[in-house]
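Summary of the model geometry
Listed below are the residues making up each chain.
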Amino acid sequence: MRANLVIRRARASVVWRPVFAAFVLAVLIFGAGVYGDLTAGSRMAPEVNAALNTQRYLGIAVVLDFPPEDFHMKYFQALGTMGGVQGTTVLMRRIMADQVRELSGNYWIRRIELLPTS
Amino acid sequence: MARLVPQNFLPAPYEVLVAWSDVIKDGSFFANVVASLVRLGIGFVVSTILGIVLGVLMGLHRGIADFIQPLASFLNALSGIAWVPLAITWFGLGPVAVTFIIWNSIFFLVLFNTLVGIKSVPLIYENAVLTLGGNRWHVIAHVLIPGALPNMFTGLRMGMGFGWRALIVAEMIAASSGLGFMIFDARYFQRADLILVGIVTIGLIWLATDRLLLVPLERWTIERWGLVSKLQ
């Protein structure tokens, strides 16, 4: 009786463990991206949202909670022209609207604001 | 409390946790984990498919085995790291070089384990299927491959471990992202805390993959197709 219970529990663990492992891997790989996409709207200032529908290129200020490091600089440079860094804010010029949407999907960005057009 | 050793030599566990929290907050941690896992996944899938197909072919045809086995044995003896300079020369710095190095570490383990698995299936089972009217395909699909599965899974499990090690080395030299790169890059700034974050993460991911995915699949395979009839 007890032996059967042990075997049943062992068999059940053989089934749930790979499922759990797949879940953990999926969270590790997609979790940050999914969370970022779901909360993307909250990171964009209302004027950025409005400008996305009317302008093809935007000048934006990306506000972070920390000074940008190598990883962030490479990421921003791959997206468009960087106009400089002021403390924890990265200025970006002529960024395409789609790329602004992509930027807003990063959970580590606190806020995206519109730069005044010069 | 006075420190016994400087922080950049061996940080306290609390400092490692703070560094971990920082890299999670700034987004670089998950980007590096994803880069490593994707590379490992691609390398693993490519190596597994090629290793199993070639291993089965070698197990079925003596001529192919005689031709490939000496060469494969020679290449298997070489460490994956030894291929790094050549991989960079051939493919440049980037994902192809990293995938090649991972492939090199996994492929031969899968190949030889598959070969051993195919060869270890008793001839009496093949003859039984043929006697009952089965053809060659029935023997391969219902006897040889299922019979070799426990060995294949052992090869996959070992290959995953070796592939993970090769990945970290390859990322240190031939990539600009991933956990290996994160560890190697941290040395420029004497960030022992970040190096430990990378090492602990690698260990935890490997442990989780092995214990939660590979071991249960291996046990299930042995129970289903191997020599035991019930899980003990």
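Residues numbered from 1 in each chain as written. Chains lettered and ligands numbered in written order. Predicted model: local features only at pLDDT ≥ 70, side-chain atom pairs only at ≥ 80, totals over all residues. Heavy atoms only, no water.

**Some thoughts on the overall build of chain B**
In plain terms, the rule: Put simply, DSSP marks the helices as runs of H or I at least four residues long and the strands as runs of E at least two long, and each gets a number from the N terminus on. Three exposure classes are used, based on accessible area relative to the maximum for each residue type with a 1.4 Å probe and protein chains only: buried under 20%, partly exposed in between, and exposed over 50%. Two residues form a contact once any of their heavy atoms are found within 4.5 Å. Only the protein chains shown count as cover for residues, and all accessible areas are computed by the Shrake-Rupley method using a 1.4 Å probe.
Scanning chain B for helices and strands turns up nine helices and zero strands. Referenced to the eigenvectors of the C-alpha coordinate spread, the extents of chain B come out at roughly 75 × 45 × 30 Å. Within chain B, buried positions represent 46% of all 232 residues. Sequence separation of 24 or more characterises 71% of the internal contacts of chain B that already satisfy a separation of 6 or more. Carbon and sulfur atoms provide 71% of the accessible area of chain B, an area that totals close to 12100 Å².

**Some words on the overall build of chain A**
What chain A contains, in helices and strands, is five helices and four strands. Helices (α) and strands (β) of chain A occur, in sequence order from the N terminus, as α-α-α-β-α-β-β-α-β. Relative to its full complement of 118 residues, chain A shows a buried share of 36%. Put simply, 68% of the contacts in chain A that link residues at least 6 apart link residues at least 24 apart. Looking at chain A as shown, the accessible area adds up to about 7100 Å², and 59% of this sits on carbon and sulfur atoms.

**Concerning the pairing of strand β2 (residues 81-86) of chain A**
Every other side chain in a regular strand lies on the same face of the sheet, so the side chains alternate between the two faces. All names here are of chain A. To keep it simple, the criterion reads: When DSSP locates at least two bridges between a pair of strands, those strands are taken to pair.
Bridge analysis of β2 against strand β3 (residues 89-96) gives five bridges, and the strand direction is antiparallel. In the sheet register, Met82 faces β3, and the bridge partner there is Met92. Here β2 folds back onto β3, and the loop between the two strands holds two residues, one of which, Gly87, carries a positive phi near 65 degrees.

**A few points about the nonpolar core**
Quick reminder of the rule: What makes a nonpolar core is a set of buried Ala, Val, Leu, Ile, Met, Phe, Trp, Tyr and Cys residues whose side-chain atoms join them at distances within 4.5 Å.
With 60 residues, the main nonpolar core has Trp164, Leu179 and Val197 of chain B as its most contacted residues. Where this core is concerned, the elements lending two or more residues are α1 (13-25), α2 (28-60), α3 (62-76), α4 (84-91), α5 (95-119), α7 (136-174), α8 (179-186) and α9 (192-225) of chain B. Per-element accounting of this core gives the leading share, 16 residues, to α7 of chain B. Ignoring sequence-local partners within four residues, the contact set of Leu179 of chain B consists of Asn32, Val33, Ser36, Trp164, Ile168, Glu171, Thr201, Ile202 and Ile205 of chain B. Within the second largest apolar cluster, 24 residues are counted, among which are Ala45, Leu64, Leu103 and Ile109 of chain A.

**Brief notes about the sheet that holds strand β1 (residues 57-64) of chain A**
Residue and element names in this part refer to chain A. Note the following rule: Structural elements are reduced to axes, namely lines fitted to C-alpha atoms, with helices fitted over the stretch in contact, and the angle between N-to-C directions of any two is expressed from 0 to 180 degrees.
Overall, antiparallel pairing links the four strands, which are arranged β2-β3-β1-β4 in an open sheet. Edge positions in the sheet fall to β2 and β4 (109-114), since each of these pairs with one other strand and no more. Direction aside, the axes of adjacent strands within the sheet are offset by 25 degrees on average. The strands touched by helix α5 (residues 97-104) within the sheet are β1, β3 and β4, with β3 carrying the most contacts at an inclination of about 145 degrees.

**Describing unusual backbone geometry**
One can expect most non-glycine residues to show negative phi and most peptide bonds to be in trans. Residues and elements named next belong to chain A. Located in the positive-phi region is Arg94, a residue other than glycine, with phi close to 45 degrees. Tracing the backbone through its elements, the reader meets Arg94 in strand β3. The class of Arg94 is exposed, set by a relative accessible area of 58%.

**Some details on the packing of aromatic side chains**
Residue and element names in this part refer to chain B. What counts here: What counts as a ring pair is set by centres within 6.5 Å for rings of Phe, Tyr and Trp (its six-membered ring), and what kind of pair is set by the plane angle: stacked under 30 degrees, edge-to-face over 60, tilted for all other angles.
What the rule picks out here adds up to 17 aromatic pairs over all chains. Geometrically, the ring pair formed by Trp83 and Phe100 is edge-to-face, given 5.8 Å between the ring centres and 80 degrees between the ring planes. Of this pair, Trp83 sits in the loop between α3 and α4 while Phe100 sits in helix α5, and the two are 17 residues apart along the sequence. Residue Trp83 is classed as buried on the basis of its relative accessible area of 15%. Grouped by ring-pair contacts, the aromatic residues Trp83, Trp90, Phe91, Phe100, Trp103, Phe107 and Phe108 constitute a single cluster.

**Structural notes on α3 of chain B**
Residues and elements named next belong to chain B. Note the threshold: For a helix, the expected span equals 1.5 Å multiplied by the residue count minus one.
In this model, α3 (15 residues) spans 20 Å end to end at C-alpha, consistent with the 21 Å of a helix rising 1.5 Å per residue. Residues of α3 that are buried: Ala65, Ile68 and Ala72. Those residues of α3 that are buried lie in contact with α2 and α5.

**A word on the interface of chain A and chain B**
How big an interface is tends to be expressed through the accessible area that disappears when the partners come together. Just so we agree on the cut-off: Accessible surface is computed with a 1.4 Å probe, and the buried area is the amount of it that two parts give up when combined, taken over both parts together. The salt bridge criterion pairs a side-chain nitrogen of Lys or Arg with a carboxyl oxygen of Asp or Glu, the two atoms within 4 Å. Here a polar contact is recorded for every N or O atom pair within 3.5 Å, except that within protein the pair must consist of a potential hydrogen donor and a potential acceptor, and residues adjacent in sequence are included only if both atoms are side-chain atoms.
The interface is formed by 18 residues belonging to chain A together with 22 residues belonging to chain B. Contact between chain A and chain B buries roughly 2000 Å² in total, counting both sides, with carbon and sulfur atoms accounting for 71%. For the pair chain A and chain B, the interface holds zero salt bridges. Where chain A packs against chain B, one counts two residue pairs in polar contact (both at pLDDT 80 or more).

**Quick notes on the packing of α2 of chain B against α5 of chain B**
Residue and element names in this part refer to chain B. Cut-off, in case you're wondering: Note on convention: near helix rotated counterclockwise from far helix by under a right angle means a left-handed crossing. Clockwise means right-handed. For this classification, the nonpolar set comprises Ala, Val, Leu, Ile, Met, Phe, Trp, Tyr, Cys and Pro, the charged set comprises Asp, Glu, Lys and Arg, and every other residue, Gly included, is treated as polar.
Relative to each other, α2 and α5 sit at 35 degrees, their axes nearing to 7 Å. Viewed along their axes, α2 and α5 form a crossing whose handedness is right-handed. Its residues placed into classes, the contact of α2 with α5 shows 18 nonpolar, eight polar and one charged.

**Let's talk about a nonpolar patch on the surface**
Rules: To count toward a patch, a residue needs a relative accessible area above 30% and no salt bridge. Like charges then connect within 9 Å, nonpolar side chains (Val, Leu, Ile, Met, Phe, Trp, Tyr) within 5 Å.
Together, Trp16, Phe20, Phe23 and Val27 of chain A make up an exposed nonpolar region whose accessible area comes to about 420 Å². Judged by relative accessible area, which is 42%, Val27 of chain A ranks as partly exposed.

**Observations regarding the confidence of the model for chain A**
Filter applied, for reference: In predicted models, pLDDT denotes the confidence assigned by the predictor to each residue on a 0 to 100 scale.
Looking at chain A as a whole, the pLDDT averages 86, with 87% of positions reaching at least 70. Confidence, expressed as mean pLDDT per element, reaches its minimum in chain A at helix α1 (residues 2-38) of chain A with 78 and its maximum at β4 of chain A with 93.

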